[in-house]
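Spelled out, the chains give:
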Amino acid sequence: VTGVELDEVRAGLSRANARDGDLGDCVHKIDILSPDAIDRLGTFDLITCIDVIEHVLDVPLALRQMSKLLRPGGTLCLEIPNRDSIDFVGADGHFKLFGITQLDRRSAVDYHGRFFTFPYDVGDYHPAGYYVEHLSRLGLQASYAAYPIHPARAMNETGQLLRGLAVRYRDYRGGARHKLPFALRAKINGALLRYVARLGANRLRAGRDPRQSRFRARYLTNFWLLAARKPS
């Protein structure tokens, strides 16, 4: 077992957990984007990247590096948060801020900075196909899998989720909104209107899909589970 962590404090916590599990000194403070990461780490049969890829500032490079770390026949497993999940639009999984997942990164940094003193540490949220496309270009066989830990919600829960989103919006207007400059408030409102319009249009299209799987994957799933296998 080998662990990779960029932050020194978290690396220390990881080392303590590893010692408790009798795993020895297996945690390395390495930036996966650094050119020497491959030589320092070696290769692996399985790489897990759970709630990490959205924090990496260069996703294509990170995926390329991890593909190099895989042995032939090995598997890369990623858990990826979905920016368009109705739940996460109402309150994102990192900061519980309404609408922040729908903003460009520069605006998200500004929004975050109005409420927190620590640096914003999220990169860019990408659509599901983005990761499959990049991994396929690298020669990996990538596909999304059913995820029992974070299953997609049923279509008949859409109304309930949208009502919850409306409540979150009301709370935002009554609280956090007043701490934001006009230009940022306008961006959030515009992003929300575009999101709702897309959701409505896709909901109509979902009626022609017997399984309605695309709509559920885009709006009713909080986390995607992506498995990518390197051919033997």
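Reading the values: rules and limits
Residues numbered from 1 in each chain as written. Predicted model: local features only at pLDDT ≥ 70, side-chain atom pairs only at ≥ 80, totals over all residues. Heavy atoms only, no water. Core = buried A, V, L, I, M, F, W, Y, C linked by side-chain atoms within 4.5 Å. Buried < 20%, exposed > 50% of the residue type's maximum accessible area, 1.4 Å probe, protein only. Helix = DSSP H or I, 4+ residues; strand = E, 2+ residues; numbered from the N terminus. Contact = heavy atoms within 4.5 Å. Phe/Tyr/Trp six-rings, centres within 6.5 Å; stacked < 30°, edge-to-face > 60°. Salt bridge = Lys/Arg side-chain N within 4 Å of Asp/Glu carboxyl O. Axes fitted to C-alpha atoms, helices over the stretch in contact; angles between N-to-C directions. Parallel < 35°, antiparallel > 145°, perpendicular 65-115°, else oblique. Left-handed = near helix turned anticlockwise from the far one by under 90°. Nonpolar A, V, L, I, M, F, W, Y, C, P; charged D, E, K, R; others polar. Pairing = 2+ DSSP bridges. Expected span 1.5 Å × (residues − 1). Arc of directions from axis to C-beta. Polar contact = N/O pair within 3.5 Å; in protein donor to acceptor, adjacent residues only side chain to side chain.

1. Observations regarding the nonpolar core
Phase 1: Of all hydrophobic cores here, the largest spans 28 residues; its most connected members are Ile86, Tyr111 and Ile188.
Phase 2: Elements that contribute at least two residues to this core include exactly helix H4 (86-90), helix H5 (105-113), helix H7 (158-174), helix H8 (182-206) and helix H9 (213-219).
Phase 3: When residues in this core are grouped by element, the largest group, seven residues, is from H8.
Phase 4: Discounting chain neighbours no more than four positions away, the residues touching Tyr111 are Leu97, Phe98, Ile100, Leu103, Tyr172, Leu180, Leu184 and Ile188.

2. Concerning the packing of aromatic side chains
Phase 1: Within this structure, the stated rule accounts for 13 aromatic pairs.
Phase 2: Centre to centre, the rings of Phe95 and Phe116 are 5.7 Å apart; their planes meet at 45 degrees, and the pair counts as tilted. Taken as a pair, Phe95 in the loop between H4 and H5 and Phe116 in the loop between H5 and helix H6 (128-137) lie far apart in primary sequence, 21 residues in all.
Phase 3: Under the relative-accessibility criterion, Phe95 is labelled buried at 9%.
Phase 4: Taken together, a centroid distance of 5.6 Å and an interplanar angle of 45 degrees make the contact between Phe98 and Tyr169 tilted.

3. Focus on the pattern of salt bridges
Phase 1: In this structure the tally under the stated criterion is eleven salt bridges.
Phase 2: With its nearest N and O atoms 2.4 Å apart, the salt bridge here joins Arg137 to Glu133. Here Arg137 and its partner Glu133 are both found in helix H6, four residues apart, which amounts to about one turn of the helix.
Phase 3: Note that Arg170 and Asp171 form a salt bridge whose closest N and O atoms lie 3.7 Å from each other.
Phase 4: When its relative accessible area of 45% is taken as the criterion, Asp171 is described as partly exposed.

4. Some remarks on the packing of H5 against H8
Phase 1: Remark: H5 packs on H8, axes separated minimally by 11 Å, with the N-to-C direction vectors making an angle of 120 degrees. Between H5 and H8, the crossing angle belongs to the class labelled oblique. Classified by chirality, the crossing of H8 by H5 is left-handed. On the side of H5, the interface is formed by Ser107, Asp110 and Tyr111, while H8 contributes Leu184, Lys187 and Ile188.
Phase 2: Residue composition of the contact of H5 with H8, by class: three nonpolar, one polar and two charged.

5. Looking at the sheet that holds strand S6 (residues 223-229)
Phase 1: The four strands lie next to each other as S3-S4-S6-S5, forming an open sheet whose pairing is mixed. Unpaired on one side and paired on the other, strand S3 (44-50) and strand S5 (141-145) mark the two borders of the sheet. Here the average twist between neighbouring strands, direction ignored, is 15 degrees.
Phase 2: Alignment of strand S4 (residues 70-81) against S6, held across seven bridges, turns out to be antiparallel. For Cys77, the partnering residue across the bridge sits in S6 and is Ala227.

6. Here's the deal with H7
Phase 1: In this model, H7 (17 residues) spans 24 Å end to end at C-alpha, consistent with the 24 Å of a helix rising 1.5 Å per residue.
Phase 2: Inspection of H7 places Thr158, Leu161, Leu165 and Tyr172 among the buried residues, and these make up the whole buried set. All buried residues of H7 project into a common sector of 65 degrees when viewed along the axis, lining one side. When the buried face of H7 is taken as reference, the exposed residues oriented beyond 90 degrees from it are Arg163, Arg170 and Gly174.
Phase 3: The elements touched by buried residues of H7 are H4, H5, H8 and H9.

7. Concerning H5
Phase 1: Every buried residue belonging to H5 is among Ser107, Ala108, Tyr111 and His112, and all of these are buried. Along H5, the residues classed as buried sweep out an arc of 135 degrees about the axis, all on the same side.
Phase 2: The N-cap residue of H5 is Asp104: its side-chain oxygen and the backbone nitrogen of Arg106 are 3.2 Å apart.

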